[in-house]
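What follows is the residue order along each chain.
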Amino acid sequence: MAKQYGFYINMEDCNGCRTCMMACKSENRTPSGVLWRKVREFNEDLPTAQSFITMSCNHCADPQCMRVCPAGTYSKRDDGIVIQNHDDCIGCQMCIMACPYHAPVFDPVEGKTSKCNMCADRIDQGLMPRCVESCPAAALQFGDIEELRKRHATGWVELEALYGMPDPTISGPSIVVVSREK
Amino acid sequence: MSNHYEFPLVFFTTFSQWGIGGILALTCHQAFAGAENVLQGKSLRIAAVLVWIALCFGTLASVAHIGSPFWFYRGFNNPGSSWLTREALLFMVTNGVAVLWLLSCWVTPTASRRNLLLGWLAAACGLVTLAAMTMIYYQLKIHPLWRTPATWLGFYGTTLLMGFATVLLILGALKKTPAGILKWGLGLGWLLVSAALIIRFQIPGADATSYLLWWQILATLAGAGILLALHVGRRLGSNWGVAASVGYMAVLFSGEFAGRMLYYGNVMSRAPWF
């Protein structure tokens, strides 16, 4: 099986500080209103009254963005990172409609869409993605997704029921999520 | 006004479906009507131009949805997997054949065999293009309100209903007796649009309280039903004028336009999906 990098997201340890969001924005210098990584907050009448999930592009095994993009701007590297050739984007927003995680972001000023590239340049230099490096709680980690899956199980059914997480069989997201109940 | 309605896409899909249905209906009439009722000369030119304008306007509206419209040609880059690329390429073919059909009807309205051949060809290309247009939405597994047979039924239903109603109304204004097949086309369109609504509004998340839905039911379904009854009862004739046809068409179109606004708005207003 080909190599596939992914993220480990530990909701138990995430306190919603949003440092990952700002580190991503700072690293990638995205325009105003364009956030590649977002921290979603959930407030429910449940013991899990307040929960946070940090999420960006999940570099899926079957990227829906790559499938639908008419300009062919998306491609998957040998290490599984889904990257976009931003110059060729025409701003049709099909990738946004197709991505189960709403990861690509449209910038109305530029008229184009962009998304997380997992800090591929940093990874090529042997560094961590900036969001992972910046997390003070180590709630966000990075690595070979098969290794991460060996160490942690994801309760997809629970995540769908509690937080409305999309069906993972649609695109095969390269993430491991530990929810607060674990 | 909310931008959840995706107005460029609403204009694009409704007008282009209207145009494709119009070419199909007009060709059906020309093929099956009696010699005294076939459109000739100026009347054929007017009818052909009207349905072509709908197709042309719809095609142009598609570009308004693109964030970088001057780079639209890059959208042809991915025919291997993108239904949007396939749709764009097929629209080029359909528009090309439709222009040839229009020119043929305009320059040589008496060349009926050639006009019919080009009309059938343009309609066939249009119907294939519609399949690609439908797949753009049907392929999106994350949106149950789009990934449903109702998308197929709704898009083809609009095409038939609007196209055949338009040609019936044009013929009514021209005091011509429509070919019998037109009532079947309109009836089938009515059934498909009705079935699409019934299926779609069983899906969780469909907004059945929206005024847009009720306007579609009132203006399009009731309106087309009345038009069909008038046609079957042969009451669309001597006292039917141009103003009545234009007004009736505007009401029918407003209903389909409202329905399409709801089709997009119901999904897009839920963003982000996660």
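Once a new chain begins, its residue numbering starts again from 1 and follows that chain's sequence as written. Naming scheme: in the order in which they are written, chains are lettered from A and ligands are numbered from 1. Under the rules for a predicted model, residues below a pLDDT of 70 receive no local features and side-chain atom pairs below 80 are neither given nor counted, while totals for whole chains, interfaces and linings still include all residues. As a rule here, side-chain values come from all non-hydrogen atoms in the structure, and water together with hydrogens is ignored.

*Asks:* Give a detailed account of the overall build of chain B, specifying residues and quantitative values.
*Replies:* Across its full length, chain B carries 8 helices and 0 strands. The order of α-helices and β-strands along chain B, N terminus first, is α-α-α-α-α-α-α-α. Computed over the C-alpha atoms, the radius of gyration of chain B is 18 Å, within 12% of the 19 Å expected from 2.2 N^0.38 for a compact globule of 274 residues. Along the first, second and third principal axes, the C-alpha atoms of chain B reach 60 × 40 × 30 Å. Put simply, chain B has 274 residues, and 54% of those count as buried. Helix and strand labels come from DSSP, where a helix needs a run of H or I of at least four residues and a strand needs a run of E of at least two; each type is numbered from the N terminus. Here the globule rule reads 2.2 Å times residues to the power 0.38, and the radius of gyration is calculated from C-alpha atoms. Between buried and exposed lies partly exposed: a residue is buried under 20% and exposed over 50% of the maximum accessible area for its type, with that area taken using a 1.4 Å probe on protein chains only.

*Asks:* So what about the interface of chain A and chain B? Which residues, and what values?
*Replies:* At the junction of the two partners, chain A supplies 35 residues and chain B supplies 28 residues. For any pair of parts, buried area is found by adding up, for both, the accessible area (1.4 Å probe) each one loses once the two are put together. Roughly 2400 Å² of surface becomes buried between chain A and chain B when both sides are summed, with 63% attributable to carbon and sulfur atoms. The largest contributions to the chain A side of the interface with chain B come from Pro 70, Ile 90 and Met 97 of chain A, which together make up 30% of the buried area. Just to be clear on terms, a salt bridge is a Lys or Arg side-chain nitrogen sitting within 4 Å of an Asp or Glu carboxyl oxygen. Across the contact surface, chain A and chain B share 1 salt bridge. Of the charged contacts in the structure, one is a salt bridge between Arg 74 of chain B and Asp 88 of chain A, with a shortest N-O distance of 3.8 Å. Whenever a nitrogen or oxygen atom comes within 3.5 Å of another N or O atom, the pair is scored as a polar contact, on the condition that within protein one atom can donate a hydrogen and the other can accept it, and that pairs from neighbouring residues in sequence are kept only if both atoms are in side chains. Between the two partners, chain A and chain B, sit 18 residue pairs in polar contact (both at pLDDT 80 or more). Contacts between residues were defined by any pair of non-hydrogen atoms, one from each residue, lying within 4.5 Å.

*Asks:* So what's going on with the sheet that holds strand E8 (residues 140-144) of chain A? Which residues, and what values?
*Replies:* Residues and elements named next belong to chain A. Note on pairing: two strands pair once DSSP finds at least 2 bridges between them. Strand order in the open sheet made by the 3 strands is E8-E1-E9, with mixed pairing throughout. One side of each edge strand has no neighbouring strand; the edge strands of this open sheet are E8 and strand E9 (175-178). Across this sheet, the average inter-strand angle for adjacent strands is 20°, counted without regard to direction. As judged from the 5 bridges shared by strand E1 (residues 5-10) and E8, these two strands associate in the antiparallel manner. By the bridge assignment for E8, Tyr 5 is matched with Asp 144. An axis is simply a line fitted to the C-alpha atoms; with a helix, the fit covers only the stretch in contact. Between two such axes, the angle follows the N-to-C directions and lies from 0 to 180 degrees.

*Asks:* Can you lay out the packing of aromatic side chains for me, pointing to particular residues and giving the numbers?
*Replies:* Residues and elements named next belong to chain B. Any Phe, Tyr or Trp ring, taking Trp's six-membered ring, that has another such ring centre within 6.5 Å forms a pair; planes under 30 degrees apart are called stacked, those over 60 apart edge-to-face, and the others tilted. Enumeration over the complete set of coordinates arrives at 28 aromatic pairs over all chains. Seen in terms of ring centroids, Trp 146 and Tyr 264 are 6.0 Å apart; in terms of plane orientation they differ by 75°. Their pairing is edge-to-face. Of this pair, Trp 146 sits in the loop between helix H4 (112-138) and helix H5 (149-173) while Tyr 264 sits in helix H8 (residues 242-268), placing them 118 residues apart in sequence. For the residue pair Trp 146 and Tyr 264, the accessibility class agrees, reading buried in each case. Pairwise contacts between aromatic rings join Tyr 5, Phe 7, Phe 11, Phe 15, Trp 18, Phe 57, Phe 253 and Phe 257 into one cluster. In this structure, Arg 45 is placed above the aromatic ring of Trp 106, and the distance from its NZ or CZ to the ring centre is 5.5 Å. Both a distance and an angle decide whether a charge sits over a ring: NZ of Lys or CZ of Arg must be within 6 Å of the ring centre and within 35 degrees of the ring normal. Positioned above the aromatic ring of Trp 83, the side-chain terminus of Arg 86 is 4.4 Å from the ring centre.

*Asks:* Please provide a residue-by-residue account of the confidence of the model for chain B, values included.
*Replies:* For chain B, the average pLDDT comes to 94, and 97% of its residues sit at 70 or higher. Here the predicted complex scores 0.94 on pTM and 0.92 on ipTM. Confidence per residue, as judged by the predictor, is encoded in pLDDT with a range of 0 to 100.

*Asks:* Requested: an account of unusual backbone geometry, with residues and values cited.
*Replies:* All names here are of chain B. Omega for the bond connecting Ala 271 with Pro 272 falls within 30 degrees of zero, at -5°, which places this linkage in the cis form. Although it is not a glycine, Glu 6 sits at a positive phi angle of roughly 50°. Residue position: Glu 6 is located in the segment before helix H1 (7-32). For Glu 6, a relative accessible area of 14% corresponds to the buried category.

*Asks:* Summarise the pairing of strand E3 (residues 50-55) of chain A; cite the residues concerned and give the values.
*Replies:* Residues and elements named next belong to chain A. With 5 of 6 residues buried, E3 lies mostly within the body of the structure. The sheet contact formed by strand E2 (residues 38-43) and E3 spans 6 bridges and is antiparallel. Across the sheet, Asn 43 pairs through a bridge with Gln 50, a residue of E3.

*Asks:* Report on the nonpolar core, specifying residues and quantitative values.
*Replies:* In this structure, Trp 101 and Trp 146 of chain B are the most contacted members of the largest nonpolar core, which totals 84 residues. Not counting residues within four places of it along the chain, the set of residues in contact with Trp 101 of chain B comprises Ile 23, Leu 26, Thr 27, Ala 48, Val 51, Asn 115, Leu 118 and Gly 119 of chain B. Each nonpolar core is a collection of buried residues, namely Ala, Val, Leu, Ile, Met, Phe, Trp, Tyr and Cys, held together in the definition by side-chain atoms within 4.5 Å. Core analysis: the second largest hydrophobic core is formed by 39 residues, Met 21, Val 105, Trp 156 and Ile 175 of chain A among them.

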